[in-house]
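# Close look at the chain arrangement
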Amino acid sequence: GQPLSISKVKAERRELNAAIKHQLSSGILSTFKQNSSIYKLFGKEILNEEHILCSINPFAYVSHLSAMEYHGLTDIIPRVLIYSTPDAKTWRILAQKKMEKDYNGKIDDILVPLKPIKLHKIGKKRLIEFSSVHFGSFINIKNSPLRISSLGRTFLDMIRKPDLCGGIYNVLQAYEDYAEKYIDLILDEIDSNGNKIEKVRAGYVLEERCDIKNNPRIEKWKKHAQRGGSRKLDPNNEYMPIYSKAWCLSINIEE
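An account of the accompanying structure is given in this report. What you see is a predicted model; the values in this text were computed from it and never measured.

Let's shift gears to the pattern of salt bridges. Going through the model one piece at a time under the given rule, you end up with 12 salt bridges. Residues K118 and E129 are paired through a salt bridge, measuring 3.3 Å at the closest nitrogen-oxygen approach. In this pair, K118 is assigned in the loop between helix 4 (88-102) and strand 5 (121-122) and E129 in strand 6 (residues 125-132), connecting sequence segments 11 residues apart. Of the residues examined, K118 reaches a relative accessible area of 59% and is grouped as exposed. Overall, E129 belongs to the partly exposed group, its relative accessible area being 35%.

Written out as structure tokens, the structure reads:
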């Protein structure tokens, strides 16, 4: 059909606002206390903060320490909800594509365009956002709005951002406990999406901490070892003069 005229859009928006007000007054809808532009439908079960987040942001997924908890990789129960989402430019591109798909290309007919909603807290959990130009790897949970970073991506995130994964010691514990079980998923993800230093860090952890020896895929990562550099196992900790000779890496942790 033809695009709606400005006056027609204004009239339809008034009708929409009147309908929402009626639903609110009748109790069918209620506002979300931390953002009045978000509504809850009466009788609709809300399972947890993670479900709310993924319902509000169609391009977000639970990641880092929160994903580690979901996958059973840590004993830490996060007091925060950590999630990943595309950067602002990528988010707008994805939103445009989603609206075009949902409305069969009739973008001009949309009364309420899809826009990001900023929240700092859901329920009792403070939100921590990790934003990247690269849209990460996640899984959709069946019959649920929930999206969680894949196991392989979660192990890469541990190496990439240990500070968002409970710290380097929690990361090392998770690798030591579960890397052998999930080794193919870990290698596939880091081979595809890890950069040179991430491959070096992961290689050190897998070979020297997890005792996974003579793996040809891990051996290939040694070509990225940079002699004479100042690379560190923990990117957030101070440099220490203790090295892995094989990986040319400062082991800057307290043993």
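Picking up after the structure, the text goes on.
Attention now moves to the layout of surface pockets. Approximately 270 Å³ is the volume attributed to the second largest pocket. As for the second largest pocket, its lining consists of 19 residues, of which N57, T85, P116, K118 and E129 are closest to the centre. When contributions to the lining of the second largest pocket are tallied by element, the ones reaching two or more residues are helix 2 (49-56), strand 4 (80-86), helix 4 and strand 6. Across the lining of the second largest pocket, the residue classes tally to 11 nonpolar, four polar and four charged.

On to the environment of K98, then. With respect to the helices and strands, the residue K98 is situated in helix 4. The partly exposed category is assigned to K98, whose relative accessible area is 31%. Sequence separation between K98 and P58 is 40 residues, and the spatial gap between their C-alpha atoms is 9.4 Å. Residues within four places of K98 in sequence aside, it is in contact with P58, F59 and L114.

What follows concerns empty space enclosed by the protein. Counted under the stated rule, the structure contains one cavity of 30 Å³ or more. The calculated volume of the largest cavity comes to roughly 40 Å³. For the largest cavity, the full set of lining residues is M158, I159, P162, I168, V171, R201, L233 and P235. Where the lining of the largest cavity is concerned, the elements lending two or more residues are helix 5 (151-160) and helix 6 (168-178). Looking at side-chain class alone, the lining of the largest cavity contains seven nonpolar, no polar and one charged residues.

Procedures and definitions
Residues numbered from 1 in each chain as written. Predicted model: local features only at pLDDT ≥ 70, side-chain atom pairs only at ≥ 80, totals over all residues. Heavy atoms only, no water. Salt bridge = Lys/Arg side-chain N within 4 Å of Asp/Glu carboxyl O. Helix = DSSP H or I, 4+ residues; strand = E, 2+ residues; numbered from the N terminus. Buried < 20%, exposed > 50% of the residue type's maximum accessible area, 1.4 Å probe, protein only. 1 Å grid on protein atoms, 1.4 Å probe; cavity = no way out; pocket = protein on both sides within 12 Å on 5 of 7 lines; lining within 4 Å. Points joined across faces, edges and corners; volume = space filled by probe spheres on them. Nonpolar A, V, L, I, M, F, W, Y, C, P; charged D, E, K, R; others polar. Contact = heavy atoms within 4.5 Å.

Remember, this is a structural readout, not a statement about activity or role.
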